[in-house]
There are 2 protein chains.
Amino acid sequence: MSKTVIALDCMGGDHAPEEIVKGAVYAANEDKDMLIKLVGKEERIYEELSKYQYNKDKIEVVNATEVIETGEPPVAAVRTKRDSSLVKCMYMVRKGEADAMVSAGSTGANLVGGHVIIGRMKGVERPPLAPLIPTAKGASLLIDCGANVDARASHLVQFAKMGSVYMENIVGIKNPKVAIVNIGAEEEKGNALVKETYPLLEQLEEINFIGNIEARDIPKGKADVIVCDAFVGNVILKLYEGVADVLIKKIKGSMMSSLKTKIGALLIKKSLKKTLKGFSLEEHGGAPLLGLNGLLVKTHGSSKYIEIKNSILQCAAFNESDINNKFKEKLSLESKED
Amino acid sequence: MSKTVIALDCMGGDHAPEEIVKGAVYAANEDKDMLIKLVGKEERIYEELSKYQYNKDKIEVVNATEVIETGEPPVAAVRTKRDSSLVKCMYMVRKGEADAMVSAGSTGANLVGGHVIIGRMKGVERPPLAPLIPTAKGASLLIDCGANVDARASHLVQFAKMGSVYMENIVGIKNPKVAIVNIGAEEEKGNALVKETYPLLEQLEEINFIGNIEARDIPKGKADVIVCDAFVGNVILKLYEGVADVLIKKIKGSMMSSLKTKIGALLIKKSLKKTLKGFSLEEHGGAPLLGLNGLLVKTHGSSKYIEIKNSILQCAAFNESDINNKFKEKLSLESKED
């Protein structure tokens, strides 16, 4: 397999371009056969690059004069800002000048551009956005958290299959457990969508379907692939973040409440920091938008260099493991792409 | 207003009847004008009561020979076990022998029996189950978390009104902020249900509608009344519990990882315990099923006596504040009940 080429949107995210470029430098210094194309305002990118020693064989700069801001209406932004770093990355993937791309920019613009510019694999009804979320056991894939609200049962069936391939091949979980989010453990529970989807998932021999999962069991790591529609997925993803944030703030507050607790806090600080890092959403890299003609990894807007680096390395693994062909097999699609 | 009579299902929940009876004893010793009718196997109830000193004017025992177990199919259980403690409580409310009831028993049986036996207030389309959830600022009402999946926009509008009345009159939040759960802060976002409901809520002059709330802002306490369909509400409620459980377990684990951290843990233990208690779902008492001809408060299956006591006291406040008449005003219903 040839070298993986990754287009990196250097102007998207809260810490662009500083942390994005730094992430690329760190990724380039890892032992992976890849080329990272840094896309954005070239003078800014070179300015950042000048701060580091890096492997020059693995980094190239591609100029893009425009920037899509977080608040911009996605469709209009993607349509009009043809020379933005984000849109340019997408065309590079579309034309085969890159195999994959990473962006910390606007989620909306990434989803819209992913569909419209990069395009869906033939036979994929709705490409899902599928972040890894931390659990007591490691991480689970939450599929879908994208913009596919009002999903149909056939979409959820594809999510289950693609999620299963992803967890097995990228994360390395053998025979991953697949479950559908529901409001009870019993088969007969649920809203219309879940009731329609459940028997379809139960019939699939190619995935390890374990039935319903209640939201309380998601953080316990009861399933490896968590299937739901994007509205529910979005609620799960954001509530994870919200509950953890508030709880950690409260716990830290309680540790600062007296001299005694402050001394206690000093003693546990290092160990606690390590634990909390392991339970952070950022720790697991970006979320792939699956089922496109190429790979798009969307990282958090707040991404620092570590997450950018991890997302770039995730792209390298994606190409190595030939995921898109495995999707085709699992989805029983023809090998031709549209 | 006359004395509030509360029927207590003494046989429902993981710690029945011990903790249920103990909760009644503690509630009876508070200075509230009420009568608690303890419903269940009378010999067991008297056995528990014999352990305590209590105000005999405020406690009565009503025999019920059957028990509905947690796993039983709700409809069949409610229909066939007429002499169960749960069904008996419901008939007492229906017949006016009690104003309100509290149960830690099967959620399904509570919801079914609430609708079928106690009955809806005239004009209420779907009685919502509305627990208080902890936030950084105190608590918010999550409405609906019941069995009303596949809700319609008109249901959500009623939830918003009833939730607003409840927070203002029971919890004492002046002009409570009402928001609808969505996947973005912008008005145009959402699934079909939310898009249909949003403009209806915006038009209401009688509530303080502040727009969409993203799940990450729920734990921050950005809104007092969180409106959503029961599927989403159930996911929110259970994920709250799940994330907090796993995170607290991980934090405790990190505190036990070395001698140094163990000493640190000893110093912060008391303060931390207080903080975590304040962020626990149990702390806020049970969840009312609103819009019935009487009040049903469903408490957690795992309820200990404190939650039972708080739920009983919540019923006393419910009657005092004449909530059901306030619902009728807000929902513009006739005063006649069906």
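See the structure shown above.
Calculation notes
Residues numbered from 1 in each chain as written. Chains lettered and ligands numbered in written order. Predicted model: local features only at pLDDT ≥ 70, side-chain atom pairs only at ≥ 80, totals over all residues. Heavy atoms only, no water. Least-squares fit on C-alpha atoms with pLDDT ≥ 70 in both. Contact = heavy atoms within 4.5 Å. Pairing = 2+ DSSP bridges. Helix = DSSP H or I, 4+ residues; strand = E, 2+ residues; numbered from the N terminus. Axes fitted to C-alpha atoms, helices over the stretch in contact; angles between N-to-C directions. Buried < 20%, exposed > 50% of the residue type's maximum accessible area, 1.4 Å probe, protein only. Phe/Tyr/Trp six-rings, centres within 6.5 Å; stacked < 30°, edge-to-face > 60°. Lys NZ or Arg CZ within 6 Å of the ring centre and 35° of its normal. Arc of directions from axis to C-beta. Parallel < 35°, antiparallel > 145°, perpendicular 65-115°, else oblique. Left-handed = near helix turned anticlockwise from the far one by under 90°. Nonpolar A, V, L, I, M, F, W, Y, C, P; charged D, E, K, R; others polar. Buried area = accessible area lost by both parts, 1.4 Å probe. Salt bridge = Lys/Arg side-chain N within 4 Å of Asp/Glu carboxyl O.

Draft legend 1. Quick peek at the relation of the copies chain A and chain B. Least-squares fitting of chain A to chain B yields an RMSD of 0.0 Å, with the superposition described by an axial translation of 0.0 Å and a rotation of 180°. Such a combination of turn and shift is consistent with a two-fold rotation axis. Rotation axis and chain A: the residue whose C-alpha lies nearest the axis is Gly264(A), separated from it by 1.8 Å. When the interface residues of chain A are mapped onto chain B, 100% of them are again interface residues, pointing to one common binding face.

Draft legend 2. Seen up close, the sheet that holds strand 9 (residues 225–227) of chain B. All names here are of chain B. Spatial ordering of the open sheet is given by 5-6-9-7-8, a layout of five strands whose pairing is mixed. At either end of the open sheet lies a strand with only one pairing partner, and these are strand 5 (132–134) and strand 8 (208–213). Each neighbouring strand pair of the sheet contributes to a mean axis angle of 30°, computed without reference to strand direction. Pairing analysis gives three bridges linking strand 5 to strand 6 (residues 139–143), with the strands arranged antiparallel. The residue bridging Leu-132 from the neighbouring strand is Leu-141, located in strand 6. Of the strands in this sheet, strand 5, strand 6, strand 7 (177–181) and strand 9 touch helix 6 (residues 153–171), which is tilted by about 150° from strand 6.

Draft legend 3. Expanded view of helix 1 (residues 18–28) of chain B. Residues and elements named next belong to chain B. In terms of burial, helix 1 is largely enclosed, as nine of its eleven residues are buried. Those residues of helix 1 that sit buried are Glu-19, Ile-20, Val-21, Lys-22, Gly-23, Ala-24, Val-25, Ala-27 and Ala-28. Contacts made by the buried residues of helix 1 are with strand 1 (4–9), strand 2 (34–40), helix 2 (42–49), strand 3 (59–63) and helix 10 (305–320).

Draft legend 4. Focus on the packing of aromatic side chains. One pass over the full model with this rule turns up four aromatic pairs over all chains. Look at Tyr26(A) and Tyr305(A): their rings are 4.7 Å apart centre to centre, the planes differ by 45°, and that puts the pair in the tilted class. Of the two residues, Tyr26(A) sits in helix 1 (residues 18–28) while Tyr305(A) sits in helix 10 (residues 305–320), which places them 279 residues apart along the sequence. Note on Tyr198(A) and Phe209(A): the rings are 5.2 Å apart at their centroids and 75° apart in plane angle, and the pair reads as edge-to-face. One end of the pair, Tyr198(A), is in helix 7 (residues 192–203); the other, Phe209(A), is in strand 8 (residues 208–213), with eleven residues separating them in the sequence. We note Lys22(A) situated over the ring of Tyr305(A); from NZ or CZ to the ring centre the distance is 4.0 Å. Lying across the ring of Tyr54(B), Lys56(B) places its NZ or CZ 4.8 Å from the centre.

Draft legend 5. Quick peek at helix 11 (residues 323–330) of chain B. All names here are of chain B. For helix 11, the set of buried residues is Ile-323, Asn-324, Phe-327 and Lys-328. Projection of helix 11 onto a plane perpendicular to its axis shows the buried side chains occupying an angular sector of 145°, all on one side. Those residues of helix 11 hidden inside the fold are in contact with helix 6 and helix 10. Ser-332 sits one or two residues past helix 11 and shows a positive phi near 55°.

Draft legend 6. How the structure looks around the pairing of strand 6 (residues 139–143) of chain A. Residue and element names in this part refer to chain A. When you tally the buried positions in strand 6, you get five out of five residues, the bulk of the element. Between the antiparallel neighbours strand 5 (residues 132–134) and strand 6 lie four residues, among them Gly-138 with a positive phi of about 155°. With three bridges connecting them, strand 6 and strand 9 (residues 225–227) associate as parallel partners. In the sheet register, Leu-142 faces strand 9, and the bridge partner there is Ile-226.

Draft legend 7. Here's a closer look at the packing of helix 4 (residues 85–94) of chain A against helix 5 (residues 107–118) of chain A. Residue and element names in this part refer to chain A. Between helix 4 and helix 5, whose axes approach to 10 Å, the crossing angle comes to 30°. In terms of axis orientation, helix 4 runs roughly parallel to helix 5. Remark: the crossing between helix 4 and helix 5 carries right-handed chirality. Residues Leu-86, Val-87, Met-90, Tyr-91, Val-93 and Arg-94 of helix 4 form the contact with helix 5, whose own contacting residues are Ala-109, Asn-110, Gly-113, Gly-114, Val-116, Ile-117 and Ile-118. Partitioning the contact of helix 4 with helix 5 into residue classes produces nine nonpolar, three polar and one charged.

Draft legend 8. Expanded view of the interface of chain A and chain B. Facing 49 residues of chain A, the contacting portion of chain B comprises 49 residues. For the pair chain A and chain B, the two sides together bury roughly 4,700 Å², of which 77% comes from carbon and sulfur. When the buried area of chain A at its contact with chain B is split by residue, Ile183(A), Phe231(A) and Leu239(A) rank highest and sum to 15% of it. Our enumeration of links across chain A and chain B arrives at four salt bridges. A salt bridge links Glu214(B) to Lys238(A), with the shortest nitrogen-to-oxygen separation between them at 2.3 Å. When residues of the side of chain A that touches chain B are traced back to their parent elements, those giving at least two are helix 7, helix 8 (230–255) and helix 9 (259–278) of chain A. Looking at the side of chain A that touches chain B, the element that brings in the most residues is helix 8 of chain A, giving 19 residues. Tallied by class, residues from the side of chain A that touches chain B come to 29 nonpolar, twelve polar and eight charged.

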